[in-house]
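Structure assessment
Letter by letter, the chains look like this.
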Amino acid sequence: MSDLSAEDAKLVTLARAARARTRAAEGAAVRDSDGRTYSACTVALDTVELTALQLAVAMALSSGVKGLEAAAVVTEADTADINVVRHFAGAAIPVVLADASGEVRNVINT
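Described in the following lines is the structure provided in the data block. Note that residues are indexed from 1 along each chain, following the sequence as it is written. Under the rules for a predicted model, residues below a pLDDT of 70 receive no local features and side-chain atom pairs below 80 are neither given nor counted, while totals for whole chains, interfaces and linings still include all residues. With hydrogens and water stripped out, all remaining heavy atoms of the structure feed into the side-chain values.

Quick notes on a nonpolar patch on the surface
The condition is simple: Here a patch means residues that are over 30% exposed by relative accessible area and free of salt bridges, tied together within 9 Å if like-charged and within 5 Å if nonpolar (Val, Leu, Ile, Met, Phe, Trp, Tyr). Reported accessibility uses the Shrake-Rupley method at a 1.4 Å probe radius. Residues are deemed covered only where the shown protein chains occlude them. Throughout this description, the term salt bridge denotes a Lys or Arg side-chain nitrogen within 4 Å of a carboxyl oxygen of Asp or Glu. Working definition: helices are DSSP H or I runs of at least four residues, strands are E runs of at least two. Numbering for both runs from the N terminus.
Residues L45, V48 and L50 make up a contiguous nonpolar surface patch of about 230 Å² in total accessible area. Following the sequence through the fold, L50 ends up in strand 4 (residues 49–50).

What follows is the structure, given as structure tokens:
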């Protein structure tokens, strides 16, 4: 995480913690345009499935957020669906993709 800013490294830490708490497939965190953070994990029930990033964005939206600055997803998958960030926050929002140890594998811009 050394190449990340302190604020983006914090997002990875929050996403790792959300994933670890529930042993979910993914953890995610977003930072809004005011600097507040929201973290979530994958929800996989019989009747509803949400990615961690979808839920983190939904939590931010339900708190009245007007925009996002950055996001992070912790997953063992090679990629993450970042469409929810793109649709809500627009272009050029960095989404950090990290593994369970917090090692950054990629930074994708919406």
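This is not the end of the story, as more comes after the structure.
A short note on the sheet that holds strand 5 (residues 68–75)
How we decide: Two strands qualify as a pair provided DSSP detects at least 2 bridges between them. Here the axes come from fitting lines to C-alpha atoms, over the contacting stretch only for helices, and the angles between their N-to-C directions go from 0 to 180 degrees. The contact criterion used is simple: two residues touch if any of their non-hydrogen atoms lie within 4.5 Å.
Pairing in this open sheet of five strands is mixed, and the strands run 2-1-5-6-7 from one edge to the other. The open sheet has two edge strands with one neighbour each: strand 2 (37–41) and strand 7 (104–109). Sheet twist, expressed as the mean angle between neighbouring strand axes with direction ignored, is 15°. Both strand 6 (residues 94–98) and strand 7 contribute to a ladder of five bridges, which runs antiparallel. Its bridge partner lying in strand 7, P94 is registered against N109. Here helix 1 (residues 6–22) sits on the sheet and contacts strand 1 (26–32), strand 2, strand 5 and strand 6; the angle it forms with strand 1, its principal contact strand, is near 145°. Strands strand 1, strand 2 and strand 5 of the sheet are contacted by helix 2 (residues 52–62), whose axis makes an angle of about 140° with strand 2.

Here's the deal with the pattern of salt bridges
Filter applied, for reference: Any residue under 20% of the maximum accessible area for its type is buried, any over 50% is exposed, and the rest in between are partly exposed; the area is computed with a 1.4 Å probe on protein chains only.
Tallied over the entire structure, the rule returns four salt bridges. With its nearest N and O atoms 3.0 Å apart, the salt bridge here joins R31 to D8. With R31 in strand 1 and D8 in helix 1, the pair connects residues that are 23 residues apart, well separated along the chain. Comparing R31 with D8 shows no difference in burial state: the two are buried. Where salt bridges share partners, they join D8, R31 and E69 into one cluster.

Focus on the side chain of T110
Which entries qualify depends on this criterion: For the purposes of these results, a polar contact is taken to be a pair of N or O atoms within 3.5 Å, where, inside protein, one atom must be able to donate a hydrogen and its partner to accept one; residues adjacent in sequence count only when each atom of the pair is a side-chain atom.
One can find T110 in the segment after strand 7. Judged by its relative accessible area of 14%, T110 falls in the buried class. Only 2.5 Å separates the side chain of T110 from the backbone oxygen of G90, close enough to count as a polar contact.

Section: unusual backbone geometry
A positive phi angle, near 55°, is found at R23, a position not held by glycine. With respect to the helices, strands and loops of the structure, R23 is situated in the loop between helix 1 and strand 1. Although it is not a glycine, A92 sits at a positive phi angle of roughly 70°. Along the chain, A92 turns up in the loop between helix 3 (83–89) and strand 6.

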